[in-house]
Amino acid sequence: MATAKAKKKTVRLASGRKRARQDVKLNAQNSSLRSKFRTAIKSVLKAVATGDKAKAGDTFKSAQGVIDSIADKGIFHKNKASRLKSRLAAKVKALAAPAAA
């Protein structure tokens, strides 16, 4: 017995149809913002990995704005945003400090 893909139910009420249309738009917008967020974090980590202090500092400053805007829109929790900023700041700060043997 082959399993058939579940058929998606159509919404009957006009308000439900409108909500479904809006959900598609919101999902696309949120996906775009999440992608921008991940890219910002990766760029900071890449700059830290290369050891470029100036570039790491600049990318971290721009990433802070992206992280804050994502948290303000409610896509991620504010505590998660704060935690990520703190961890990135610690990596950038450790890079700037001279290596103590």
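You'll find the structure just up there.
Residues numbered from 1 in each chain as written. Predicted model: local features only at pLDDT ≥ 70, side-chain atom pairs only at ≥ 80, totals over all residues. Heavy atoms only, no water.

**Focus on the overall build of the protein chain**
- Assigned secondary structure in the protein chain consists of three helices and zero strands.
- In terms of overall size, the protein chain is more extended than a compact globule, its C-alpha atoms giving a radius of gyration of 20 Å where 101 residues would be expected to give roughly 13 Å.
- With the C-alpha coordinates aligned to their principal axes, the bounding extent of the protein chain is approximately 65 × 40 × 20 Å.
- Buried positions account for 23% of the 101 residues belonging to the protein chain.
- For the protein chain, the share of sequence-separated contacts (at least 6 apart) that also reach a separation of at least 24 residues comes to 62%. (Helix = DSSP H or I, 4+ residues; strand = E, 2+ residues; numbered from the N terminus. Rg over C-alpha atoms; globule rule 2.2 N^0.38 Å. Buried < 20%, exposed > 50% of the residue type's maximum accessible area, 1.4 Å probe, protein only. Contact = heavy atoms within 4.5 Å.)

**A closer look at the environment of Lys-93**
- Within the fold, Lys-93 resides in helix H3 (residues 78–96).
- With 40 residues separating them along the chain, Lys-93 and Lys-53 place their C-alpha atoms 8.9 Å apart.

**Observations concerning the packing of aromatic side chains**
- On inspection of all chains with the given rule, the structure shows one aromatic pair.
- Centroid distance Phe-37 to Phe-76: 4.7 Å. Interplanar angle 50 degrees. Geometry classified as tilted. Of this pair, Phe-37 sits in helix H1 (residues 14–50) while Phe-76 sits in the loop between helix H2 (53–72) and H3, and the two are 39 residues apart along the sequence.
- Judged by its relative accessible area of 6%, Phe-37 is buried.
- The side chain of Lys-80 reaches across the aromatic face of Phe-76, ending 4.1 Å from its centre. (Phe/Tyr/Trp six-rings, centres within 6.5 Å; stacked < 30°, edge-to-face > 60°. Lys NZ or Arg CZ within 6 Å of the ring centre and 35° of its normal.)

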